[in-house]
Amino acid sequence: MITLKNNNGIPKYTQIIQSIEKAIEQKVLQLNEKLPSINKVVLTHNISRDTVLQAYDELKKRGVIYAILGKGYYVKSTEIKPKKRFFLLFDELNIFKEDLYNSILKTIGSEAEIDLYFHHFNTNQFKKLIQESKGNYNKYIIMPTNLIEATESIKTLPHKDVFILDQTNPDLLQFPAVYQNFVKDIYDGLAKGKQHLQKYSKLTLIFPGFREPIGLKIGFERFCHDFNFNHEIIADFTDINVIQNCVYIIPSDRDLVQVIEQAKRQKLQLGVDYGIISYNETPLKKLVENGITTISTDFETMGKTLAEMILKNSKTQIENPSRIIIRNSI
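In this report, the structure presented in the accompanying data block is examined.

The rules behind the values
Residues numbered from 1 in each chain as written. Predicted model: local features only at pLDDT ≥ 70, side-chain atom pairs only at ≥ 80, totals over all residues. Heavy atoms only, no water. 1 Å grid on protein atoms, 1.4 Å probe; cavity = no way out; pocket = protein on both sides within 12 Å on 5 of 7 lines; lining within 4 Å. Points joined across faces, edges and corners; volume = space filled by probe spheres on them. Helix = DSSP H or I, 4+ residues; strand = E, 2+ residues; numbered from the N terminus. Nonpolar A, V, L, I, M, F, W, Y, C, P; charged D, E, K, R; others polar. Salt bridge = Lys/Arg side-chain N within 4 Å of Asp/Glu carboxyl O. Buried < 20%, exposed > 50% of the residue type's maximum accessible area, 1.4 Å probe, protein only. Pairing = 2+ DSSP bridges. Axes fitted to C-alpha atoms, helices over the stretch in contact; angles between N-to-C directions. Contact = heavy atoms within 4.5 Å. Phe/Tyr/Trp six-rings, centres within 6.5 Å; stacked < 30°, edge-to-face > 60°. Expected span 1.5 Å × (residues − 1). Arc of directions from axis to C-beta. Polar contact = N/O pair within 3.5 Å; in protein donor to acceptor, adjacent residues only side chain to side chain.

This part covers the layout of surface pockets. Over the atoms rolls a probe the size of a water molecule, and its path tells where empty space is left. Reported here for the largest pocket is a volume of approximately 610 Å³. E92, R211, E212, P251 and S252 are the residues nearest the centre of the largest pocket, which is lined by 28 residues in total. At the level of elements, α4 (95–108) and α10 (253–265) are the ones that each hand at least two residues to the lining of the largest pocket. Considering each element in turn, the lining of the largest pocket owes the most residues, 3 residues, to α10. Its residues assigned to classes, the lining of the largest pocket comprises 12 nonpolar, 6 polar and 10 charged.

This part is about the pattern of salt bridges. Counted according to the given criterion, the structure contains 17 salt bridges. In this structure, E92 and R211 form a salt bridge, with 2.9 Å as the shortest nitrogen-oxygen distance. Here E92 is found in the loop between β3 (84–90) and α4, whereas its partner R211 is found in the loop between β8 (202–206) and α9 (214–226), with 119 residues between them in sequence. Assessed through its relative accessible area of 22%, E92 is described here as partly exposed. Across the pair K128 and E132 runs a salt bridge whose closest N-O atoms are separated by 3.0 Å.

The next point concerns the sheet that holds β8. Within the open sheet, the 6 strands sit side by side as β9-β8-β10-β11-β12-β14. Their pairing is mixed. Of all the strands in the sheet, the pair left with one neighbour each is β9 (231–234) and β14 (322–325). In this sheet, adjacent strand axes meet at a mean angle of 15 degrees when their direction is disregarded. Looking at chain direction, β8 and β9 are connected through 4 bridges and run parallel. For I206, the partnering residue across the bridge sits in β9 and is I234. In this fold α10 packs onto β8, β10 (246–250) and β11 (275–279), with an angle of close to 165 degrees to the strand it touches most, β11.

Right, let's talk about the packing of aromatic side chains for a bit. Under the definition given, this model contains 14 aromatic pairs. Residues F87 and Y140 carry aromatic rings whose centres are separated by 5.9 Å and whose planes lie at 55 degrees to one another, so their mutual orientation is tilted. Note that F87 is positioned in strand β3 and Y140 in strand β5 (residues 139–142), a separation of 53 residues in sequence. Per residue, the accessibility class of F87 equals that of Y140, and both read buried. Ring pairs connect the aromatic residues F87, Y117, Y137 and Y140, which therefore count as one cluster.

It is worth spelling out the sheet that holds strand β4 (residues 112–118) at this point. Spatially, the 6 strands line up as an open sheet ordered β4-β3-β5-β6-β7-β13, and their pairing is parallel. With one partner strand each, in any of the chains shown, β4 and β13 (317–319) form the two edges of the open sheet. Averaged over all adjacent pairs, the angle separating strand axes in this sheet is 15 degrees, with direction ignored. Strand direction decides the pairing type here: strand β7 (residues 177–179) and β13, joined by 3 bridges, are parallel. Its bridge partner lying in β13, V178 is registered against I318. Seen against the sheet, helix α5 (residues 123–133) touches β3, β4 and β5 and runs at an angle of roughly 175 degrees to β3.

In this section: α10. Counted at 1.5 Å a residue, the expected span for α10 with its 13 residues is 18 Å, and the 19 Å between its end C-alpha atoms agrees. Among the residues of α10, D255, L256, V259, I260, Q262 and A263 are the ones counted as buried. The buried residues of α10 occupy an angular sector of 165 degrees when projected down its axis, which confines them to one face. With respect to the buried face of α10, the exposed residues turned more than 90 degrees away are R254 and R265. Against the buried residues of α10 lie β8, β10 and β11. Between the side-chain oxygen at the start of α10 and the backbone nitrogen of R254 there is a gap of 3.2 Å, and the oxygen is on S252. Count one or two residues on from α10 and you reach K267, which has phi positive near 60 degrees.

The structure is reproduced here in C-alpha cells:
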C-alpha cells in the first residue's frame with residue numbers, strides 16, 4: 001500500500017501521503033478502514049517515526065484521516081483534494097463580526113475550508129477548543145480578547161501556524177496579527193470630534209470591563225486629561241438618569257439602548273440635551289435617532305488583510321485602521 005523510493009527527490013513523508021491518497025482513490029482503502037500503524041511503516045521501510053508522524057499529521061489536517069487514541073489511524077474521507085483547513089476562533093457572533101467572517105471567507109475563497117468556533121469570553125471553553133483543534137488544522141486564527149490564560153493555550157499550538165485577530169498583547173508579539181489599537185483609536189476618534197464635544201460639560205465612558213478591551217479606558221482617560229475634559233467612568237447604566245449636557249461613550253450596544261430609552265423617559269433630545277458616541281459601526285446606527293456617531297475599526301479590511309497575510313504566509317503585525325463617523329448624536 002505504501003511505496004517509497006530512494007533518490008527520487010520527493011521527501012519520504014510526501015511519498016507516504018501520496019501512497020495513502022492513491023490507495024483511497026483506487027479503493028484499496030475504504031471509509032473508516034484502519035491505516036498501517038506507525039510502527040509497521042517504520043519497520044517495513046526503515047524510516048524514522050517522525051517521518052511517518054509528519055505524513056499522518058498532514059493527512060489529519062487535510063481531513064483525510066482521523067486518529068483514535070490507543071487504536072490508530074482511520075480513513076475519514078474519500079475526498080482527498082489537498083484543500084487546507086483553517087481553525088477560526090471568535091469571541092462571539094454579532095453583526096460586525098459577521099462582516100469580519102465574511103471578509104475572511106471571501107478572500108480565502110476556495111483555498112481552504114474554514115471551521116468557525118466561539119469561546120463566548122469563557123476561559124475554559126477557550127482552552128477546550130484550542131486543545132481539541134491541536135494538530136487538526138493548517139492554520140489557527142484566534143481572537144483571544146482579554147481572556148486570562150489565553151496566551152498559555154495559544155502557545156501550545158504550532159507557532160508557525162498561528163495568527164492573532166482583533167486584540168493582541170505583549171505576550172503574543174511573537175505571532176503575526178491584524179489588530180485594533182484601542183488606546184490610539186479612541187483617543188484619535190475623540191480628538192477628531194473634539195470641536196463637537198466642547199459644547200458639552202462632561203464625558204462619561206460606560207465601561208463594564210468584562211468584555212471591553214482595557215485600551216478603551218486608557219485612551220479615554222488620556223484624551224480627557226490632555227484636553228481638560230471633565231469626565232467619569234461608570235461600570236453600568238442601571239437605574240440611573242441621563243445627565244444633561246453629558247456625552248456618553250458606549251462600547252456595548254445593550255448600554256446604548258438603555259441610555260436612549262432612559263433619555264426618552266426624561267424627555268431629553270439626543271444631540272441637544274445630551275450626546276452619544278457608540279463603538280463599532282453597524283448599518284442601524286446610521287438610522288437610529290437620526291444617526292449615532294461611532295468610533296469603529298474597519299472589520300471588512302481587517303478580515304481581508306488577515307486572509308491575505310495567511311495566503312502569503314506573511315509574519316507581520318498590522319494595525320487595522322479606525323475612524324470616527326460624526327452624526328447627529330453629538
